Amino acid sequence: MSETIDFALLTAADREPIARLLHRALVHWYESRLGQGARFGDSHEPFTLFPDVYEALDPGECVTARTESGEIVGVCFSHERETHVSVGIVATSPDAGGRGIAKKMMSLVLEKAKRLGKPARLVSSLLNLDSFSLYTRLGFVPGAIFQDLLITVPDTGLTAAAPVGIECVREAVLADAPRIADFEQSQQGIRREKDFAFFLRNEVGAWRLLVSEAADGSVNGFLGMSTHPSCTMIGPGVAADEETAIALLWKALDGLRGKTLVFLAPCAASALVRTAYAWGARNVELHVAQSTVPVASARGIVFPTFMPETA
Ligand SMILES: CC(C)(COP(=O)(O)OP(=O)(O)OC[C@H]1O[C@@H](n2cnc3c(N)ncnc32)[C@H](O)[C@@H]1OP(=O)(O)O)[C@@H](O)C(=O)NCCC(=O)NCCS
């Protein structure tokens with residue numbers, strides 16, 4: 001069987017089949033390899049958030065693989081940004097796996113990145129060696145390693161006292177988007193103002209964005225979060241140092257009372273990780289940042305995320 005693989009503008013009719021494909025592919029892969037399919041729940045419904053958010057954020061940047069009858073058997077979300085092309089979730093239907101569909105979808109994104117003269121970036125699971133291998137075969141080079149930490153925030157909030165630096169953290173407003181983007185570029189060498197403006201307009205999905213400012217008023221950290229019932233997750237974020245990262249994380253968790261959620265923290269940020277343990281966080285997975293051209297001079301403490309998956 002041959003599939004048509006191309007960038008596509010998703011229509012309302014694609015929403016449900018894509019959600020079913022994402023859910024089925026993840027449950028199948030994690031259950032058959034790791035016995036952990038249950039972690040994705042028993043309904044595809046929450047996965048409709050992916051096509052909804054990604055089509056609103058980057059119309060026409062989703063690669064789909066469609067059979068002759070029009071069935072979607074593969075998806076790969078890409079996001080073109082000022083400095084790079086980031087890649088979101090990649091999934092192939094279990095019935096169509098092992099036939100090179102994921103590789104062809106990724107190759108299209110890489111060709112586009114090459115045409116634009118930009119590196120491609122993503123965050124890949126270190127438990128899913130099939131996807132890790134797929135990316136490394138295509139030229140992605142592993143960089144920083146992140147711990148996925150699961151935490152339940154008590155209904156009454158964290159029992160730990162608010163940390164130093166909390167007074168510097170506030171809710172961001174739309175006018176902060178360029179300043180946040182400038183800060184990230186100064187630390188990480190990447191720029192994605194569009195994402196921050198998207199969170200702050202808050203029209204599709206449900207988002208909050210915190211910003212931390214130093215005494216001189218300059219941005220020294222930011223942290224986004226998805227508060228949508230289908231996906232409660234902290235990130236993306238960057239902080240200049242661990243103290244600021246801890247203050248941002250505390251504030252984000254305080255706003256998610258009664259929720260159980262996952263966030264990613266750099267393995268190298270040991271003070272941040274040990275603080276998260278003290279607040280009750282538990283390790284559940286490891287991820288690695290991968291890029292076709294690593295940013296050698298990257299600084300700061302990064303909180304990656306999967307929704308939207310912008311590396
Ligand atoms: C991971 C996934 C996307 C792969 O899709 P697929 O269409 O079956 O992949 P392909 O057939 O294109 O194969 C990809 C390449 O990786 C290689 N590969 C796969 N597993 C490998 C392994 N363990 N070691 C080395 N290479 C491996 C394949 O050989 C192939 O390369 P080749 O064509 O050069 O031989 C699919 O299994 C899936 O949807 N999983 C669930 C969702 C998921 O976890 N997505 C990734 C995280 S977002």
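So, how was this worked out
- Just so you know, the residues in each chain are numbered from 1, in the order the chain's sequence is written.
- Owing to the predicted nature of the model, reporting of local features is limited to residues with pLDDT of at least 70; listing and counting of side-chain atom pairs is limited to 80 or more, with chain, interface and lining totals taken over all residues.
- With hydrogens and water excluded, all non-hydrogen atoms of the structure serve as input to the side-chain values.
- Any residue with a non-hydrogen atom lying within 4 Å of a molecule or strand is treated as near it.
- In protein, a polar contact requires one atom able to donate a hydrogen and another able to accept it; more generally it is a pair of N or O atoms within 3.5 Å, and residues adjacent in sequence count only if both atoms are side-chain atoms.
- Only DSSP runs of H or I with at least four residues qualify as helices, and only runs of E with at least two residues qualify as strands; both kinds are numbered from the N terminus onward.
- Polarity classes work like this: nonpolar for Ala, Val, Leu, Ile, Met, Phe, Trp, Tyr, Cys and Pro, charged for Asp, Glu, Lys and Arg, and polar for all others, with Gly in that last group.
- A pair of Phe, Tyr and Trp rings is counted when the ring centres sit within 6.5 Å of each other, with Trp represented by its six-membered ring. The angle between the planes then sorts it: under 30 degrees is stacked, over 60 is edge-to-face, the rest tilted.
- For every residue, the accessible area (1.4 Å probe, protein chains only) is compared with the maximum for its type, and the residue is labelled buried under 20%, exposed over 50%, or partly exposed between those bounds.
- Should a side-chain nitrogen of Lys or Arg be within 4 Å of a carboxyl oxygen of Asp or Glu, the pair is scored as a salt bridge.
- Lines are fitted to the C-alpha atoms to define the axes, a helix being fitted only along its stretch in contact, and any angle between axes, read from their N-to-C directions, falls within 0 to 180 degrees.
- By the definition adopted for this analysis, an angle is roughly parallel if under 35 degrees, roughly antiparallel if over 145, roughly perpendicular if from 65 to 115, and oblique otherwise.
- Handedness of a crossing is defined here by the sense of rotation of the near helix relative to the far one, left-handed for an anticlockwise turn of less than a right angle and right-handed for a clockwise turn.
- Whether two residues touch is decided by their heavy atoms; if any such pair falls within 4.5 Å, the residues are in contact.
- Given a helix with a known number of residues, its expected span is that number minus one, times 1.5 Å.
- In this description, one arc is meant: the one made by directions from the helix axis to the C-beta atoms.

Caption draft 1: Just the site of the ligand, in detail. The immediate surroundings of the ligand are formed by 21 residues, with V90, T92, G98, G100 and N128 found nearest. One nitrogen or oxygen atom from the main chain of V90 is found 2.7 Å from a nitrogen atom belonging to the ligand. Contact distances for the ligand include 2.9 Å between an oxygen atom and a side-chain N or O atom of K103. Of all the secondary structure elements, the ones that give two or more residues to the shell around the ligand are α1 (12-34), β4 (85-92), α3 (101-116) and α4 (129-137). Across the shell around the ligand, the residue classes break down as 10 nonpolar, 7 polar and 4 charged.

Caption draft 2: Spatial organisation of the packing of aromatic side chains. Scanning the model with the defined rule gives 11 aromatic pairs in all. Ring geometry for F196 versus F199: centroids 6.4 Å apart, planes at 65 degrees, classification edge-to-face. In this pair, F196 and F199 are both assigned in helix α6 (residues 193-201), 3 residues apart and thus about one turn of the helix distant. Taken individually, F196 and F199 each receive the classification buried, so the pair is uniform in this respect.

Caption draft 3: Structural view of the pattern of salt bridges. This structure, assessed with the given rule, holds 22 salt bridges. Of the charged contacts in the structure, one is a salt bridge between R33 and D130, with a shortest N-O distance of 2.9 Å. Residue R33 is found in helix α1, and its partner D130 is found in helix α4; the two are separated by 97 residues along the sequence. Given the relative accessible area of 42%, D130 is considered partly exposed.

Caption draft 4: View of the packing of helix α2 (residues 49-57) against α6. At a minimum axis separation of 11 Å, α2 and α6 run at an interaxial angle of 120 degrees. It follows that α2 is oblique to α6 by the angle criterion. The handedness of the crossing between α2 and α6 is right-handed. Residues V53, A56 and L57 of α2 form the contact with α6, whose own contacting residues are K194, D195 and F198. Here the residues of the contact of α2 with α6 are counted per class, giving 4 nonpolar, no polar and 2 charged.

Caption draft 5: How the structure looks around helix α5 (residues 177-188). Between the first and last C-alpha of α5 there are 16 Å, a value that for 12 residues agrees with the 16 Å anticipated at 1.5 Å per step. Looking at α5, one finds that the buried residues are A177, I180, A181, F183, E184, Q187 and Q188. Take α5 and look down its axis: the buried residues cluster within an arc of 160 degrees, on one side only. For α5, the elements touching its buried residues are β5 (120-125), α6, β8 (207-213), β9 (219-228), β10 (231-239) and β13 (301-303). Remark: G189 follows α5 within two positions and exhibits a positive phi of approximately 75 degrees.

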